[in-house]
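# Topology and contacts: notes
The chain contents come next:
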Amino acid sequence: MSTSQIYPVYKVKLNLSMQDPDMPSPRYHTILFVQTNAQGPGSGTKHHVTGDIVTGMHYEPVSYDDPETDENFFSKELIGHTRALNYPKNWNDILSSVPAPPKQKAFNTVTMRTEPVKSWDPVVFYEPGEPRRPLVKCTEWIEDRAIPILINAGLVQ
């Protein structure tokens, strides 16, 4: 592999098996896919946050085949390229330092449903009709945090 080699970087959206009733629909599981193998259909690594907003999420890089073969595939958008020289170490160093979405919901024993939490100590839920902070999940983490940081660090051109 030459140090001048580049890999395409895609934003990929995957259909969810279940939508969150507290967020506008439709929602997708949003990942960054770096295609490191151009031979054949193209495999590489997906970079995403996984988990949920009841227990908290965490960053996870995972080997991944061509996203278009995933049964939940919705869309794939080329957002740039990254140099093989920087990949994957610099990516993992930066993305693991980006705070993943924290716990944002808990079970409310009054309404008997899982709801967004207004504050944690003590746990206070929003009142009906009260304005709520937007929930942050994988899509917001990718679009508002991960992509800008990777671009600012020069890892995505």
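Reading the values: the criteria
- Residues numbered from 1 in each chain as written.
- Predicted model: local features only at pLDDT ≥ 70, side-chain atom pairs only at ≥ 80, totals over all residues.
- Heavy atoms only, no water.
- Helix = DSSP H or I, 4+ residues; strand = E, 2+ residues; numbered from the N terminus.
- Buried < 20%, exposed > 50% of the residue type's maximum accessible area, 1.4 Å probe, protein only.
- Contact = heavy atoms within 4.5 Å.
- Areas by Shrake-Rupley, 256 points an atom, 1.4 Å probe, with all protein chains shown as cover.
- Pairing = 2+ DSSP bridges.
- Axes fitted to C-alpha atoms, helices over the stretch in contact; angles between N-to-C directions.
- 1 Å grid on protein atoms, 1.4 Å probe; cavity = no way out; pocket = protein on both sides within 12 Å on 5 of 7 lines; lining within 4 Å.
- Points joined across faces, edges and corners; volume = space filled by probe spheres on them.
- Polar contact = N/O pair within 3.5 Å; in protein donor to acceptor, adjacent residues only side chain to side chain.
- Salt bridge = Lys/Arg side-chain N within 4 Å of Asp/Glu carboxyl O.

### Focus: the overall build of the protein chain
Secondary structure summary: the protein chain contains 2 helices and 8 strands in total. C-alpha extents for the protein chain along the principal axes are approximately 60 × 30 × 20 Å. The buried share among the 157 residues of the protein chain stands at 40%. The contacts in the protein chain between residues at least 6 apart in sequence include a share of 59% that link residues at least 24 apart. When the accessible surface of the protein chain is totalled, it reaches about 8800 Å², and 55% of it is carbon and sulfur.

### Quick word on the sheet that holds strand β5 (residues 73–83)
In any sheet, the strands associate via hydrogen bonds between backbone groups, in a parallel or an antiparallel arrangement. Read from one edge to the other, the open sheet built from 5 strands follows the order β4-β3-β2-β1-β5, with strand pairing classed as antiparallel. Each end of this open sheet is capped by a strand with a single partner; those strands are β4 (56–64) and β5. Neighbour-to-neighbour, the strand axes of the sheet open up by a mean angle of 25 degrees, direction not taken into account. Bridge count for strand β3 (residues 43–52) against β4 is 9 bridges, and the pairing is antiparallel. Counterpart to D52 in the pairing with β4 is G56. Packing against the sheet, helix α1 (residues 89–97) makes contact with β1 (6–15), β2 (28–37), β3, β4 and β5, and its axis sits at approximately 165 degrees to β4.

### What about the layout of surface pockets?
Estimates place the volume of the largest pocket at around 460 Å³. In terms of lining, the largest pocket is formed by 22 residues, of which the most central are L16, M18, H29, G51 and K137. Where the lining of the largest pocket is concerned, the elements lending two or more residues are β1, β2 and β3. It is β3 that provides the largest number of residues to the lining of the largest pocket, a total of 5 residues.

### Details of the side chain of T139
Relative to the helices and strands, T139 resides in helix α2 (residues 138–152). For T139, the side chain forms a polar contact with the main-chain oxygen of Y28, separated by 3.2 Å.

### A word on the environment of P148
Along the chain, P148 falls in helix α2. A relative accessible area of 29% means that P148 is categorised as partly exposed. Distance in space between the C-alpha atoms of P148 and E60 is 18 Å, their sequence separation being 88 residues.

### Some points on the side chain of H47
Relative to the assigned elements, H47 resides in strand β3. Residue H47 is classed as buried on the basis of its relative accessible area of 1%. A distance of 2.6 Å separates the side chain of H47 from the side chain of Y87, its partner in a polar contact. When neighbours within four sequence positions are excluded, H47 is seen to be in contact with I31, L32, V34, Y59, E60, P61, Y87, W91, N92, L95 and I142.

### Remarks on the pattern of salt bridges
The tally for this structure, following the rule as stated, stands at 11 salt bridges. Here K105 and D22 are joined by a salt bridge, their closest N and O atoms 2.7 Å apart. Here D22 lies in the loop between β1 and β2 and K105 lies in strand β6 (residues 105–108), a separation of 83 residues in the sequence. With relative accessibility at 23%, the residue D22 sits in the partly exposed group. Notably, a salt bridge pairs R113 with D22, separated by 3.5 Å at the nearest N-O pair. On the criterion of sequence distance, the pair formed by R113 in strand β7 (residues 113–120) and D22 in the loop between β1 and β2 is long-range, its members being 91 residues apart. Ionic contacts of the salt-bridge type, sharing partners, join the residues D20, D22, K105, R113 and K137 into one network.

Any functional reading would require information beyond the geometric quantities listed.
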